[in-house]
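Structural overview for review
Read off the chains here:
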Amino acid sequence: MAALLDIAGLRTEFATRAGPILPVNDVSLSVQVGETLALVGESGCGKSVTALSILRLLPRRVGRIAAGSIRLQGIDGDLLTLPEDRMRHVRGGAIGMIFQEPATCLNPLLTVGEQVAEPLRIHRNLSHAAAAREAVATLASVGLPGEDHQAGRYPHELSGGMRQRAMIAVALACHPRLLIADEPTTALDVTIQAQIMELLRALQRELGMAMLFITHNFALVADLAHRMAVMYAGRIVEHGPVAEVFSRPRHPYTHGLLACMPRLGQAHRLRAGNQALPTIAGSVPRLGALPAGCSFAPRCTLATDACRHDTPPLTTVSADHAVRCLRWAEL
Amino acid sequence: MTPAVTWRAHPLAQAAGRFVGNPLAMAGLILLLAILLPVIFYGMLPGVDPNAIDLTALNAPPDGAHWLGTDGVGRDVLARVLEGGRISLIVASSAVCVSMLIGFLVGAVAALGGALANAAAMRLTDLAMTLPPVVLLLVLASIAGQGIAPTILVISLLSWPVLARLVRARLLELREREFVIAARGMGGGAWHIMTRHALPNCTDILIVFATLQLAQAILAEAGLSFLGMGIPPPAASWGNMLNGARSTVVLEHYPWQWLSPGIALLLTELAINFIGDGLSNALNPRSELG
C-alpha cells in the first residue's frame, strides 16, 4: 500500500497572551490508501488542530504552522506551502472534512441541496442545474432520499442525524480520496451514532476512500479503524494497528485509557469487589505549562527521573507499532 | 431514522408574517404605494405635463383645471409634484443602491480580507464618517456639478460608512462560525464566502439600511436641490420646488406651490420610516421571543 497522506514533524503554534503554545508538537502520521486511521485522545490534546492544520484552516492571526510537511498522493509539493488557490482544490476536492457539530456547520439560510451543490460547482465546474441534480443523488446516497424532497429543506427542518448526513454529503460530493471526520458522532444519540458509523463504513467501501477518524471513543475505534494513533498534550504517544494496540498497549497512557473503559459485566464485578472504575490520576497539563520530559510523567505510575528529564523518542515496538515511552517493554 | 422535522416556514416568510402583523408598518406600506403608483404611472394619464405652461393661469390657486394650482409660469403643480417625486425617487433609490454596494464591499473586505485590509477599510470609513456631512455634500456637489448623476454620486458617497460598519460587525462574527470554516474546508474561496454566506446573512441589515437610507436620500436630494446644488430647474424635484418658497411672496400668497411638494415629501418620509421600523422589527430574530 502506498501512503495517501504523509505528515512529517508537524508542529502547530498558537499565539496566546502568555506566549506561544504547541497544540500539535512533532506529529508524524501516515494514512494508506483506503485505510481508516483513528486519532484518539482527550479533549484538548490536539486532535482537531491536527485536522485543521492538514487543511490549513487554523484560526487566522492565532494559529500558525511552525514546522513540518504534509504530502498528499497526487499533489506535487507540500500542502503546507501550496499556493492558496491550489490549496482550495485540495479542500473539498481531494480531502473532504466533516465536523463535530452538524447543527452549526450548515449555513442556516441555504437549503441542504444548495450546500451539497456548492463543492460540485466549485471543484467540478458544474452548471447550477447539473450540480443540483448531482446534489440530490449525493443526498440520496447518504440516506436523504430525493422523493422526500430533502434537498429543498433548510437545516433547521432536519434532525441532528439528518444534518450530519447532509454534512457527509457535502464532504463526499466530489468523491475525495481522504475523508477527515472530526468526531462526527459526538453530538448525536447513540442509535444515530451507529447509523452514521454504518453509513461511513459503507461509503468508504463503495468509494474506496481513506479516512482519518478523530474520536475519543474507543468503541468506535475498535469498530471502524485499521490503525490508531493516540495523542497526549500535542504529541503522538503511541501508534499501531488497532488489534495490537488494544491487546497490547505499550504506552502507560493508552493502557490507562483502555483500563478506564467500562466493559459489559464489569460493573457487577467491580461492585462485588467494592472497587471503583479505574481512572488515570491527575489531569492533562496545560499546554502553556508542560512539564519537562515526558508530558505524561506526572500522572504515570512508572515514571522515573529519566522520564522527567527528556522527552522520550518514538521507539519502534514492532513493524508498524511505535511508542513514545522509555519503559514500554515493562508494560 | 425518525423524521423529527419541525415544520416552520422559511425565516424570511416568518419575517413577512411579523411585518404584515404590524399595523403601523402596513399603514406605511399602503401610504407609500398610494404615493408611488401615481408617481410612477402618471405619464400614462392624458394631459398631465409637468412642463406645459398655461399662460391663462399664473399662480392660480387649486381649482378644477389645476387640482393643486399652478406656479409662477403657469405650470401645473400636481404634475410637477408627480414628476418631482419620480426624479427624487430615482435619485434616492440609485444612491441607495450605490451606497449599499460600496458599504457592503468595504465592510466585507474589512471583515474577511485580513488585518491590513481591515485597517485600511476601517480608517477610510472613519474618515468618511468624520467629515461634516453638509459641508462635504456642498463641496462634492460643487465639484461634481448639477444633474441627476452627480447628485446620486454625492448622496451615495455620504451614506455608505454606516453600512460598512454594520456589515463588518456582522461578518466578523460570521467569519468564526463553523459553517464558514466548513465552507472553506470544502474549497470555498473568498468570493464564494462573500456571495453565498456573507450576503445572505446580511440580508436583514441590507433591507433595513435600504429602507431607512431611502428616506435619508430623498431628504438629502431635496436639501441639495433646495440649495441649488442638486437637480437644476426646469426639471422638477421636490427640493427645487421647495426652493420656490424662499420668495416671501410665494411663501405668503401661493402656499399650494410649496405645501404640495412639502407634504408629498413629508408623507413619503413618514411612510418609508414606518416601513423601515417595521422591517427592522420583523427581521430581528429575537422579536418573536419578546
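Our subject is the structure that appears above.
A brief look at the structure comes next.

A closer look at the overall build of chain A
- Counting its secondary structure elements, chain A contains 11 helices and 11 strands.
- On C-alpha atoms alone, chain A measures out to a radius of gyration of 21 Å, which is about the 20 Å that the 2.2 N^0.38 rule sets for 331 residues.
- Projected onto the principal axes, the alpha-carbon positions of chain A cover approximately 65 × 50 × 45 Å.
- When each of the 331 residues of chain A is scored for burial, the buried share is 45%.
- Taking contacts inside chain A between residues at least 6 apart in sequence as the whole, the part at least 24 apart equals 63%.

Some details on the overall build of chain B
- Across its full length, chain B carries 12 helices and 0 strands.
- Shown N-terminal to C-terminal, the secondary structure of chain B runs as helices and strands in the order α-α-α-α-α-α-α-α-α-α-α-α.
- With the principal axes as the frame, chain B shows a C-alpha extent of 80 × 50 × 30 Å.
- When the 290 residues of chain B are sorted by exposure, 40% land in the buried category.
- Taking all contacts inside chain B whose residues are at least 6 apart in sequence as the whole, residues at least 24 apart take part in 67%.

A short note on the nonpolar core
- Residues A166 and L178 of chain A are the most contacted members of the largest nonpolar core, which totals 98 residues.
- The element best represented in this core is helix α5 (residues 160-172) of chain A, accounting for 8 residues.
- Look past the residues within four positions of A166 of chain A in its chain and what remains in contact with it is L106, V112, V116, L139, L144 and L158 of chain A.
- Grouped together as the second largest cluster of nonpolar side chains are 65 residues, L158, W258, A271 and F274 of chain B included.

Section: the sheet that holds strand β11 (residues 321-323) of chain A
Residue and element names in this part refer to chain A.
- Reading across from one edge, β5-β6-β7-β3-β8-β9-β11-β10 is the order of the 8 strands in this open sheet, with mixed pairing throughout. If you trace the sheet from one side to the other, it starts and ends with β5 (95-98) and β10 (315-318), each paired once. When strand polarity is set aside, the average angle formed by the axes of neighbouring strands in this sheet is 20°.
- The sheet contact formed by strand β6 (residues 178-182) and strand β7 (residues 210-215) spans 5 bridges and is parallel. Each bridged residue has a counterpart across the sheet, and for I180 the counterpart in β7 is L212.

Digging into the packing of helix α6 (residues 148-175) of chain B against helix α8 (residues 190-201) of chain B
Residues and elements named next belong to chain B.
- Interaxial distance between α6 and α8 falls to 10 Å at its minimum, and their mutual angle equals 125°. Looking at the two axes, α6 sits oblique to α8. Of the two elements, α6 crosses α8, and the hand of that crossing is right-handed. Here R170, L171 and L174 of α6 lie close against α8, whose contacting residues are H197, A198 and N201.
- Among the residues forming the contact of α6 with α8, the class breakdown is 3 nonpolar, 2 polar and 1 charged.

A closer look at the interface of chain A and chain B
- Between chain A and chain B, the residue contacts involve 31 residues of the former and 25 residues of the latter.
- Elements supplying a minimum of two residues to the side of chain A that touches chain B: α2 (84-90), β5, α3 (112-123) and α5 of chain A.

What about the pairing of strand β8 (residues 227-232) of chain A?
Residue and element names in this part refer to chain A.
- Burial analysis of β8 places 6 of its 6 residues in the buried class, the great majority of the element.
- The two faces of β8 match: R227, A229 and M231 on one face and M228, V230 and Y232 on the other face are all buried.
- Here 4 bridges tie strand β3 (residues 36-40) to β8, and the two strands are oriented parallel to one another. The partner of A38 across the bridge, within β8, is M228.
- Strand direction decides the pairing type here: β8 and strand β9 (residues 235-241), joined by 6 bridges, are antiparallel. Bridge pairing links M231 to I236 in β9.
- What sits between β8 and β9 in their antiparallel hairpin is a turn of 2 residues, with A233 showing a positive phi close to 50°.

Some points on unusual backbone geometry
All names here are of chain A.
- A positive phi angle, near 55°, is found at D26, a position not held by glycine.
- With respect to the element layout, D26 can be found in strand β2 (residues 19-32).
- The phi angle at H175 is positive, at roughly 50°, despite the residue not being glycine.
- Looking at the secondary structure, you find H175 in the loop between α5 and β6.

Examining helix α2 (residues 23-41) of chain B
Residue and element names in this part refer to chain B.
- Under the 1.5 Å per step criterion, the end-to-end length of α2 is 27 Å for 19 residues, consistent within 8% with the ideal 27 Å.
- Here α2 has its buried residues at A25, G28 and V39. With its buried residues spanning 60° around the axis, α2 presents them on a single face. Looking at α2, the residues exposed on the side facing more than 90 degrees away from the buried face are P23, I30, L33, A34, L37 and F41.

Conventions used here
- For every chain, the first residue of its written sequence is number 1, and the numbers climb from 1 along that sequence.
- Whichever chain is written first becomes A and whichever ligand is written first becomes 1, with later ones labelled in order.
- pLDDT decides what is reported in this predicted model: residues at 70 or higher carry local features, side-chain atom pairs at 80 or more are listed and counted, and totals for whole chains, interfaces and linings draw on all residues regardless.
- Secondary structure elements are defined from DSSP: runs of H or I of at least 4 residues count as helices, runs of E of at least 2 residues count as strands, and each element is numbered from the N terminus.
- C-alpha atoms define the radius of gyration in this analysis, and the globule rule sets the expected value at 2.2 Å times the number of residues to the power 0.38.
- Partly exposed residues are those falling between the two cut-offs: more than 12 but fewer than 20 other C-beta atoms within 10 Å of their own, whereas 20 or more means buried and 12 or fewer means exposed, with C-beta atoms placed from the backbone.
- What counts as a contact here is a pair of residues whose C-beta atoms, placed from the backbone, lie within 7 Å.
- A set of buried residues qualifies as a nonpolar core if it consists of Ala, Val, Leu, Ile, Met, Phe, Trp, Tyr and Cys joined through C-beta atoms within 7 Å.
- When DSSP locates at least two bridges between a pair of strands, those strands are taken to pair.
- Note on method: axes are straight lines fitted to C-alpha atoms, helices fitted across the in-contact stretch only, with angles between N-to-C directions ranging 0 to 180 degrees.
- What sets the label is the angle itself: under 35 degrees gives roughly parallel, over 145 gives roughly antiparallel, 65 to 115 gives roughly perpendicular, and the rest give oblique.
- What makes a crossing left-handed is the near helix being turned counterclockwise from the far one by less than a right angle; a clockwise turn instead makes it right-handed.
- Under the scheme applied, nonpolar residues are Ala, Val, Leu, Ile, Met, Phe, Trp, Tyr, Cys and Pro; charged residues are Asp, Glu, Lys and Arg; polar residues are all the others, including Gly.
- Helices are assigned an expected span. That span is 1.5 Å times one less than the residue count.
- Here the arc refers to the directions that run from the helix axis out to each C-beta atom.

The quantities given are spatial measurements derived from coordinates; they are silent on function.
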